[in-house]
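Descriptive structure summary
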Amino acid sequence: MSISSSEVLDNTKNYSPDEEIEEINNNNEKDNIIMNPVISKLGGYEFFRNVLKSPKKTVAPMVDHTFLAFRMLCRKYGADMVYTPMFHSKNFATCKTYRRDYWSTCPEDRPLVVQFCGNEPEWVVKAAKYIEDHCDAIDLNLGCPQQIARRGNYGSFLLDKPHIILPIVRELHKNIKVPIFCKIRLLPSLDDTIKLALQLQEAGCQLLTIHGRTKEQKGHNSGIANWKAIRTIREKLSIPVIANGSVLQYEDIDKCLEETGADGIMAAEGILANPSFFSGLKVPIYQVAREFLDLTEIYKTHTHVTRSHIFKMLKDKFDVYSDLRETMGATHTNDGFRDIVTELETREKNNMPPVKILTNKQKRELKEKEKENNESEDLSLKKQKINDDEILNNNNNNSNNINNNINNNNNNNNNNNITPDKNENENENKNENGNEKKVLINNSN
């Protein structure tokens, strides 16, 4: 069974067959987890130095990416500590299929931190119980900024809800054998972020990872991480702090440590693009990609996960030979992936000309642009038609006015011709009558 990354995060989806839930509900030991007493364990700097060996370079938890094969690749190239992807605690606690498909480790996979998201202490503790003997720490995700986290009420959308966060940390600290870590983002107010960090420390958090961005800073709006804010928070705490954000290449590691004062750094995007960058070596990316494919055969990896890693490692190459990107999207075997890696390498070595094919995203953008242009043209044509109609109406009105003026002039002329004749007749009649009167008068005299 294959579960997509969106399903991994989806709090509303029910993965658990009824019999699995019943199995857990009938397990008194797990039902009574939260009633257990505090477990004695190392914490803080004692744990950081003696158990974790003061890790300087950490691989971030990344959904659909930091599975076992990739973790082992990163360890080969200098990663001191690696996180699993974020697991949804309730799904992990209630679904065997979910655990089987997404959880695996091996003795060499240490130090290992397993990350969970959730908003209910019971389910986070039950999930952690399944793997506490196979990892070095449990991390509570308080940094995911995606909308699915908003819908599920977890990740960075819990940062302003300490009444939900703190009980989870307390119960984990009391009931889990290994230390509890937290990973947060900055709140809009630095003072509020410091307050939350101190509350987490008091609740039992033994290591805090701080992503130097707010939850609104993501995607195209991510900007540069605020390392100075991380330093300010670090100075207020007595537990180890790992700085996250804007560590994209080897040279950024010491810069970040110096500016933040953190005990270590965490990388995400940079390590996806080049899993060997923690080593500081110039390892050919084609070699790294093949090594990753070798590891996916040793450690079972979903095809869509393998494909995603190869895409990210060879993105610049696929941008030049985009026909192979389409081929990659339709490939579902490691042999097929190897052939594509070899073809990319061959084309680059032989300086073959680029092959440009629009991506689906570019096709959508082009289609939207064409639609906008068509709508704009239609609007222009409509406006032009309206203008033409107005001009035609104006011309017709002018023509009618001219005709009316002509008719009026003709009428006036006709009236002028008739009036003199009438006057002449009237004058004549008057003259005749006048003469008649004169004649009569003369006769009377």
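Before reading on, note that the structure itself is shown above.
Notes on the structure follow. Computed from a predicted model, the values in this text were never measured in an experiment. (Residues numbered from 1 in each chain as written. Predicted model: local features only at pLDDT ≥ 70, side-chain atom pairs only at ≥ 80, totals over all residues. Heavy atoms only, no water.)

**Side note on a negative patch on the surface**
Defined as follows: A patch consists of residues whose relative accessible area exceeds 30% and which take part in no salt bridge; residues with like charges are grouped when within 9 Å of each other, and nonpolar side chains (Val, Leu, Ile, Met, Phe, Trp, Tyr) when within 5 Å. Methods summary: accessible areas were calculated by the Shrake-Rupley approach with a probe of 1.4 Å, and residue burial reflects only the protein chains presented. Salt bridges, as used here, are contacts in which a Lys or Arg side-chain nitrogen is within 4 Å of a carboxyl oxygen on Asp or Glu. Under the convention used here, Asp and Glu are negative, Lys and Arg are positive, and both His and the chain ends fall outside the count. A charge is said to be at NZ when it belongs to Lys, at CZ for Arg, at CG for Asp and at CD for Glu. Segments assigned H or I by DSSP are reported as helices when at least four residues long, segments assigned E as strands when at least two residues long, and all are numbered from the N terminus.
A contiguous patch of negative charge, built from E368, E372, E375, E377 and D378, is present on the exposed surface. Tracing the sequence through the fold places E372 in helix α20 (residues 360–444).

**Remarks on the nonpolar core**
Counted only if it meets this: Residues enter a nonpolar core if they are buried and are Ala, Val, Leu, Ile, Met, Phe, Trp, Tyr or Cys, with the set joined through side-chain atoms within 4.5 Å. Here's how the labels work: a residue is buried when its accessible area is under 20% of the maximum for its type, exposed when over 50%, partly exposed in between, all with a 1.4 Å probe on protein chains only. We call two residues in contact whenever any of their non-hydrogen atoms come within 4.5 Å of each other.
Core analysis: the largest hydrophobic core is formed by 104 residues, its most contacted members being F116, I138, L200, L208 and L314. For this core, the element with the highest residue contribution is helix α15 (residues 285–298), accounting for 7 residues. When near neighbours in sequence (up to four residues on either side) are disregarded, F116 contacts M86, F87, S89, F92, V124, A127, A128, I131, I138, D139, L140 and N141. Residues L52, M81, L207 and I242 belong to the second largest nonpolar core, which totals 13 residues.

**Comments concerning the pattern of salt bridges**
One pass over the structure, following the stated rule, counts 22 salt bridges. Close ionic contact of E171 with K174 constitutes a salt bridge, the shortest N to O distance being 3.4 Å. Of the two residues, E171 and K174 are both situated in helix α10 (residues 162–175); the distance of 3 residues between them amounts to about one turn of the helix. Of the residues examined, E171 reaches a relative accessible area of 14% and is grouped as buried. Of the charged contacts, one joins R290 and E345 as a salt bridge, the two residues approaching to 2.6 Å between their closest N and O atoms. With a gap of 55 residues between them, R290 in helix α15 and E345 in helix α19 (residues 334–349) connect regions that are remote in the sequence. Residue classification places R290 among the partly exposed residues on the basis of a relative accessible area of 26%. Classification of E345 by relative accessible area gives buried; the value is 17%.

**Regarding helix α16 (residues 303–313)**
When α16 is considered as a whole, its buried residues turn out to be V305, T306, R307, H309, I310 and M313. Of the surrounding secondary structure, the elements contacted by the buried residues of α16 are α5 (68–76), α14 (269–273), α15, α17 (315–320), α18 (322–329) and α19.

**What about the environment of A262?**
For A262, the position within the fold is in the loop between α13 (250–260) and β8 (264–267). Between the alpha carbons of A262 and E235 there is a distance of 9.2 Å; along the sequence they are 27 residues apart. For A262, the residues in contact, after removing those within four places along its chain, are R234, V241, I242, A243 and L257.

**Structural notes on α15**
One full turn of an α-helix is made of 3.6 residues, so residues set three or four places apart face in the same direction. Note the threshold: To estimate how far a helix should reach, multiply one less than its number of residues by 1.5 Å.
With 14 residues, α15 should cover 20 Å at 1.5 Å per step; its first-to-last C-alpha distance of 20 Å lies within 8% of that length. For α15, the elements touching its buried residues are α5, α14, α16, α17 and α19.

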